[in-house]
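# Structural characterization, general
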Amino acid sequence: MEDREFLMIPGPVSVDDEILEALALPVRAHYGDDWTRLYKHAASSMREVFKTSGDVHLVFGSGMAGVEMCIASVLSPGDEVLIPSNGLFGDRMVEVATANRLQVHTFHPGLAEAITAAQVRAALAEHPGVRAVCIVHHETSVGILNEVEGICRAAREHGALAIVDGISSVAGVPFEMDAWGADLCVTVANKCIGGAIGVAPVAAGPRALAALDDGRPKAAGWYLNLATWRRYTELWGDWHPHPTTIPTNVIEAFDLALIRLLEEGVDNRCRRLAAARDRVRDGLEEMGFEMLAPISVASPVTTAAFGLPGMDVSDYLEWLLKNHRIRIGGGLGELRGRLFRVGHMGRAAEPEAIDRYLRATADYVENAGLTGAGRKG
Ligand SMILES: *Cc1c(COP(=O)(O)O)cnc(C)c1O
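Computed from a predicted structure; not experimentally measured. Along each chain, the written sequence defines residue order, and numbers are assigned to residues from 1. At least 70 in pLDDT is required for a residue's local features to be given in this predicted model, at least 80 for side-chain atom pairs to be given and counted, and no such filter applies to totals for whole chains, interfaces and linings, which use all residues. Where side-chain values are given, they derive from all heavy atoms of the structure, hydrogens and water being excluded.

## Focus: the domain arrangement of the protein chain
Domain boundaries in the protein chain define domain 1 (6–11 + 265–367) and domain 2 (17–262). Taking only C-alpha atoms into account, the centre of domain 1 sits 27 Å from that of domain 2. Simply put, the buried area is the total loss of 1.4 Å probe accessible area from both parts when two parts are fitted together. With both sides pooled, the region where domain 1 packs onto domain 2 buries about 2000 Å², and carbon together with sulfur makes up 66% of that total. For domain 1, the biggest contributors to the area lost against domain 2 are V266, R269 and V297; these three give 26% of the whole. Here a salt bridge means any side-chain nitrogen of Lys or Arg lying within 4 Å of a carboxyl oxygen belonging to Asp or Glu. Counting every contact that joins domain 1 to domain 2 gives one salt bridge. Residue K51 is joined to D267 by a salt bridge in which the shortest nitrogen-to-oxygen separation is 2.9 Å. Within 3.5 Å is the distance limit for a polar contact, defined as a pair of N or O atoms, with the added protein rule that one can donate a hydrogen and the other accept it, and that residues adjacent in sequence qualify only through two side-chain atoms. Counting across the domain 1 and domain 2 interface gives eight residue pairs in polar contact (both at pLDDT 80 or more). Secondary structure is summarised from DSSP: a helix means a run of H or I of at least four residues, a strand means a run of E of at least two, and numbering begins at the N terminus for each. Considering every element that reaches the side of domain 1 that touches domain 2, the biggest residue donor is helix α11 (residues 266–286), with five residues. Each residue gets one label: Ala, Val, Leu, Ile, Met, Phe, Trp, Tyr, Cys and Pro are nonpolar, Asp, Glu, Lys and Arg are charged, and the others, such as Gly, are polar. Residue classes in the side of domain 1 that touches domain 2 are distributed as 15 nonpolar, five polar and three charged. What counts as a domain boundary in this text is fixed by an automatic or database domain assignment.

The structure is reproduced here in C-alpha cells:
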C-alpha cells in the first residue's frame, strides 16, 4: 500500500481505510430486506446532502452517466437548451445534449471567468424557446465556481428547467437544491463525498418529475432514463428499489462515507475543504506561483496555478509522482503544459498531506533553480 500513489488530483480521490475495508467485504445481493434498507438509507442521506426533499436515485455509472440521465429524461429531441461553458465539463454537457439530438445554444466567457446569472439572463432573452439551462457548478478543469444560485433563478423565471452538474461541488461547496430552485442535480460518490468510484446520485425535484410525465417522447432510452428508475422504486420499492444489479460493495462503502460526512456536517466539510484550498494557495503563492483564478471565483475544491517562468510543468508532475508518490493534475486542452491543478477533496484535504506536497514542491523549485512570479502569458 505504502508506495501506492497518493491522489491530490481533482477526482477521483484517495479514501479512508474504513472505506477500503467496506469494499473488501464479501459480496452481498442487490435485493432483499437488508439491502433495501441500506440503499434507502444512503439515498435518504443524499437527500440531506443535496438539501432536497425530491427523489434521489443512486445510479450505477460515472458522473457523465448521471448528466446524460438528467438531460435526456426530461427533454425531447429538437428541444432547445442553453449550456454555457467555461471548460472541459461544460463542453461535455454540450456533447451529451448534442448526442441526444437537442438543439444547443452555448456561450463561453473568457479564460478564468465564471459564468454569471446576468450572462444567462441575456442569453435566455435571445433564445426564448429554451426549455432547460444546464450548468456546471464547479468547472473542475479550471477550478472556477459558476453562479449557480442566480442561474437557477434565471432559468426558473424563464420557465426553463435548471439542470446542475454538481459532480465536483456537492458536499464540497455550499449547494442548496431546493432553496436555489435546481430541478435536477447529479454528483458522484468519489469526489467531495469521499466514497468509492461507481455511483452517481441523481436528484430530481417536482418540476423535473412533472416533465417526466408530460407525455412528450423523451431523448432517453431505458437505462439512463429517470422514468425507469422511478418506476422501479414504485413497483419494487420494498425489495429491489432500482432497475438493475448495482455494485453492492460500492454502495455499502458509499453509505459509510455519507455517515461520516453527515457526522462532520456538510457545512463543516465545505469549510474544511476551503481551508485546505487556502493552505495550498498561500503555500504556492509564497513560492511565487500565480493562480489562474482570483479568489472571488476560485473553487474551494480545486486550485489551478501556472508554472513558474521557465518551469517544465510536465517534468514537475512526473517528478512529484516518481519521488513522492503524489499525483496532482495537469492543465487540460490549451492549458496543458502551462497549468497544474491540485484537488482538495478526500484525503488530499488533510493538512499533513498538503504540507508534504508543499515541501516537495519547494524542493523541486529549489533543485530546478526556479524563482520569481509565474506568468499567465
Ligand atoms: C469529474 C467530473 C465529471 C466527470 O465525471 P465522470 O465520473 O468521469 O463521468 C463531470 N463534471 C465535473 C464537473 C467533474 O468534476
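## A look at the pattern of salt bridges
The tally for this structure, following the rule as stated, stands at 20 salt bridges. Between E18 and R260 there is a salt bridge; the shortest N-O distance is 2.6 Å. Highlighted residues: E18 in helix α1 (residues 17–23) and R260 in helix α10 (residues 248–264), separated in sequence by 242 residues. Exposure remark for R260: the relative accessible area of 33% places this residue in the partly exposed category. When the shortest N-O distance is used, the salt bridge between E149 and R153 registers 3.7 Å. Of the two residues, E149 and R153 both sit in helix α6 (residues 148–158), four residues apart, roughly one turn of that helix. Throughout this description, buried means an accessible area under 20% of the type-specific maximum (1.4 Å probe, protein chains only), exposed means over 50%, and partly exposed covers the range between. The class for R153 is partly exposed, based on a relative accessible area of 41%. Ionic contacts of the salt-bridge type, sharing partners, join the residues E18, R260 and E263 into one network.

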